[in-house]
Amino acid sequence: MSDLELLTQSLARNVRRWRGERGFTLDALAARAGVSRGMLIQIEQARTNPSLGTVVKIADAIGVSITTLLDYERGPKVRIVPADQAVRLWHTEAGSYNRLLAGAEAPGPLEMWEWRLMPGESSASDPHPGGTVEMVHVTAGELALTVDGTEYRVPAGASASFEAGAPHAYANTGAVPMELVMVVSVPPPAH
């Protein structure tokens, strides 16, 4: 079975499981996530490979991390993710990418990402649920971070944190690749 098939089946199993644990009907989850009921059915039946944006919306609506939705199995309290098993969810032909390094539920979803943006490239994000916080540490180049329309410069070695309930974007306006590590903390869902 290919990695993509394994991810598709894990996503199907975990969306069904968490939807059931939260007591959401297909219609309720579709409404919370802003995706169609048909898309959810296809995901739960492992008949589609949804976009990263769709997976993020579903994870946010359920109140779990993307790691939890893509997890192959529920393991012990300590979980080691070998470098070759970090999940790359977005990439461009120029060489930009992000990789989900690790995640946990503590008390809401907590994720750690590695990002690389090549010169001239950017990635925009819709607002996350209220109370979501993102922290970044730039390890190479300079990040042009835009939050709610205001741009901030974060050079290599510097860190930034912000409330991610507003539209935000990461860009590399420099001449060298920009690399960062990001942590995202999402509050647990209100029941």
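Residues numbered from 1 in each chain as written. Predicted model: local features only at pLDDT ≥ 70, side-chain atom pairs only at ≥ 80, totals over all residues. Heavy atoms only, no water.

Considering the pattern of salt bridges
Step number 1: The final tally for this structure, using the stated rule, is six salt bridges.
Step number 2: Here E179 and R116 are joined by a salt bridge, their closest N and O atoms 3.0 Å apart. Here E179 is found in strand 10 (residues 178-185), whereas its partner R116 is found in strand 3 (residues 109-117), with 63 residues between them in sequence.
Step number 3: One salt bridge in this structure joins E151 and R153, with 3.0 Å as the shortest N-O distance.
Step number 4: The partly exposed category is assigned to R153, whose relative accessible area is 42%.
Step number 5: Sharing partners across several salt bridges, the network here consists of E142, E151 and R153. (Salt bridge = Lys/Arg side-chain N within 4 Å of Asp/Glu carboxyl O. Helix = DSSP H or I, 4+ residues; strand = E, 2+ residues; numbered from the N terminus. Buried < 20%, exposed > 50% of the residue type's maximum accessible area, 1.4 Å probe, protein only.)

Here we look at the pairing of strand 6 (residues 142-147)
Step number 1: Here strand 6 runs beside strand 7 (residues 150-155); their pairing, made up of six bridges, is antiparallel. Note on strand 7: the bridge partner recorded for A144 is R153.
Step number 2: In textbook terms, the turn of a hairpin is the stretch between consecutive antiparallel strands, and for strand 6 and strand 7 this stretch comprises two residues, one of which, D148, has a positive phi near 50 degrees.
Step number 3: Alignment of strand 6 against strand 9 (residues 168-171), held across four bridges, turns out to be antiparallel. In the strand pairing of strand 9, A144 is matched with A171. (Pairing = 2+ DSSP bridges.)

Here we look at unusual backbone geometry
Step number 1: For A46, which is not glycine, the phi torsion reads 55 degrees and is therefore positive.
Step number 2: For D148, which is not glycine, the phi torsion reads 50 degrees and is therefore positive.
Step number 3: For D148, the position within the fold is in the loop between strand 6 and strand 7.
Step number 4: A relative accessible area of 57% places D148 in the exposed class.

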